[in-house]
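Summary of the model geometry
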Amino acid sequence: MKIYVIGIGLIGGSMGLDIKTVYPEATVYGVDNNENHLQQALALGVIDQAAVLENVSDADFVIVSVPVDVALTVLPEVLDLIGENTIVFEVGSTKAPICEAVANHPRRRNFIATHPIAGTEFSGPSAAIAGLFHGKTNIICEVERTAFKLQEKALELFKAIGMRIRYMEPKSHDKHIAYMSHLSHISAFMLGKTVIDKEKHEQDIFDMAGSGFESTVRLAKSSPAMWTPIFRQNRKQVVKTLDEYIVNLTHFKDLLISEDYDAIYEEMESVNRIKEILNGMKIP
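Counting of residues starts from 1 at the beginning of each chain's written sequence and follows it residue by residue. Per-residue local features are limited, in this predicted model, to residues with pLDDT of at least 70; the limit for side-chain atom pairs, both in listing and counting, is 80 or more; totals at the level of whole chains, interfaces and linings are taken over all residues. Side-chain measures here rest on the full set of heavy atoms in the structure, leaving out hydrogens and waters.

What follows concerns helix α5 (residues 148-160). In an α-helix there are 3.6 residues to a turn, and that puts residues three or four apart on one side. A run of H or I in DSSP becomes a helix once it reaches four residues, and a run of E becomes a strand once it reaches two; helices and strands are each numbered from the N terminus. One less than the residue count of a helix, multiplied by 1.5 Å, gives the span that helix is expected to have. In this model α5 runs 18 Å from its N-terminal to its C-terminal C-alpha over 13 residues, within 8% of the 18 Å that 1.5 Å per residue would give. Working definition: with a 1.4 Å probe on protein chains only, accessible area under 20% of the residue-type maximum means buried, over 50% means exposed, and in between means partly exposed. Taken residue by residue, α5 has L150, Q151, A154, L155, L157 and F158 as its buried positions. The arc that holds every buried residue of α5, seen down its axis, measures 160°, which confines them to one face. For α5, the exposed residues set more than 90 degrees away from the buried face come down to F148, K149, E156 and K159. The contact definition used throughout considers only heavy atoms, calling two residues in contact when any of these lie within 4.5 Å. Buried residues in α5 make contact with α1 (10-22), β4 (61-64), β5 (87-90), β6 (111-116), β7 (137-141) and β8 (164-168). Residue G162 follows α5 closely and has a positive phi angle near 95°. Directions from the helix axis toward the C-beta atoms define the arc.

Our focus in this paragraph is the environment of N138. One can find N138 in strand β7. Along the sequence, N138 and V91 sit 47 residues apart, while their C-alpha atoms lie 9.2 Å from each other. Not counting chain neighbours up to four residues away, the residues in contact with N138 comprise T114, H115, P116, F158, M163, R164, I165 and R166. Polar contacts involving the side chain of N138 include one to the main-chain amide nitrogen of H115, which spans 3.4 Å. Under the rule applied, a polar contact is a pair of N or O atoms within 3.5 Å (in protein, one hydrogen donor and one hydrogen acceptor; residues adjacent in sequence only if both atoms are side-chain atoms).

Salt bridges are defined as contacts in which a side-chain nitrogen from Lys or Arg sits within 4 Å of a carboxyl oxygen from Asp or Glu. Within this structure, the stated rule accounts for seven salt bridges. K20 is the salt-bridge partner of D48, the closest N and O atoms lying 3.2 Å from each other. Of this pair, D48 sits in the loop between α2 (35-44) and β3 (49-50) while K20 is found in helix α1, placing the two residues 28 residues apart along the sequence. Classification of D48 by relative accessible area gives partly exposed; the value is 36%. Two residues, R218 and E121, come together in a salt bridge whose shortest N-O distance is 2.8 Å. On the criterion of sequence distance, the pair formed by R218 in the loop between α8 (211-217) and α9 (224-233) and E121 in the loop between β6 and β7 is long-range, its members being 97 residues apart. We classify R218 as partly exposed; its relative accessible area is 33%.

Turning our attention to a nonpolar patch on the surface. Each patch is built from residues lacking any salt bridge and having more than 30% relative accessible area; the joining distance is 9 Å for like charges and 5 Å for nonpolar side chains (Val, Leu, Ile, Met, Phe, Trp, Tyr). Working definition of accessibility: Shrake-Rupley area with a 1.4 Å probe, residue cover restricted to the visible protein chains. A surface patch of nonpolar side chains, about 390 Å² in accessible area, is lined by F252, L256, Y261 and M268. For the nonpolar patch, the secondary-structure elements that each account for two or more residues are α10 (235-257) and α11 (261-271). Position of F252 among the secondary structure elements: in helix α10.

Let's shift gears to helix α6 (residues 170-198). Compared with an ideal rise of 1.5 Å per residue, which puts 29 residues at 42 Å, α6 spans 40 Å between its outermost C-alpha atoms and is within 8% of the ideal. If you look at α6, its biggest bend is around 50°, right at A178. To get the bend at a residue, fit one axis to the 7 residues ending there and another to the 7 starting there, then take the angle between the axes.

The next thing to look at is the packing of α6 against α10. In the contact formed by α6 and α10, the axes pass within 9 Å of each other and the chain directions differ by 65°. For the element pair α6 and α10, the recorded crossing hand is right-handed. Contacts between α6 and α10 involve D174, K175, A178, Y179, H182, L183, I186 and S187 from the first element and Q237, V238, K240, T241, L242, E244 and Y245 from the second. Throughout this entry, Asp, Glu, Lys and Arg are counted as charged residues, while Ala, Val, Leu, Ile, Met, Phe, Trp, Tyr, Cys and Pro are counted as nonpolar. The remaining residues, Gly among them, count as polar. Taken together, the residues of the contact of α6 with α10 sort by class into seven nonpolar, four polar and four charged. Axis angles are defined between N-to-C directions and span 0 to 180 degrees, where every axis is a line fitted to C-alpha atoms and, for a helix, only to the segment in contact. In this scheme the crossing of two helices becomes right-handed for a clockwise turn of the near helix relative to the far one and left-handed for an anticlockwise turn of less than a right angle.

Laid out in structure tokens, this is it:
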């Protein structure tokens, strides 16, 4: 089995590690325009060999895990190069623009649009984690446009590394993920900005940052190179979620100004049920 990972970061690297665990006979090849990433991935055992894009012609699987703006260019190039039995999947956080980019490609049947709902705030080959995808959801879009035998091949791989599968249309995916992921990253970035702008001494931030602040602002450590293209591609949905979020923030501010603490309590109590929803959805 020959696996090509294009873009050796958190997701691509972790997927390579998990595939090698489940399929010890597989060879994982890494393709990356950053030579340091290639050497680091080799040293860490994230990949077995370095490769170039043109090598994918003999691949069984090609994992495209580059920033979503780069994927718009790289994905059609990969489809131009592959054999007829190769399955290609792209793992970015937007799906409508990606699907549109290859909608009329002659090898569209060899592509499956995916979004593994897994990750951390870290990036690069050193961020790769074995077992990252176990029990996590993998959203698949436009599955009907992928050749059935290649669908089966991809689904077998996803299930082997422990993923749950959910099917969704690209536009619906981008709408929901704007609320569940993109908004939380913006919140973290802007919370970090607010603190940095006001707290001029780094030692004060370090000394007074409790676990609540640390967990809330954690996502602000995420890569701007990855997230700026995501916000660009999903701009309309992100703007809509921000409008709704700002309405809620303004309402909370107004309650404080009017000293309506009963209403504040009721607001927070009503939102407490989010823990029941999340606990209820966890997979053992």
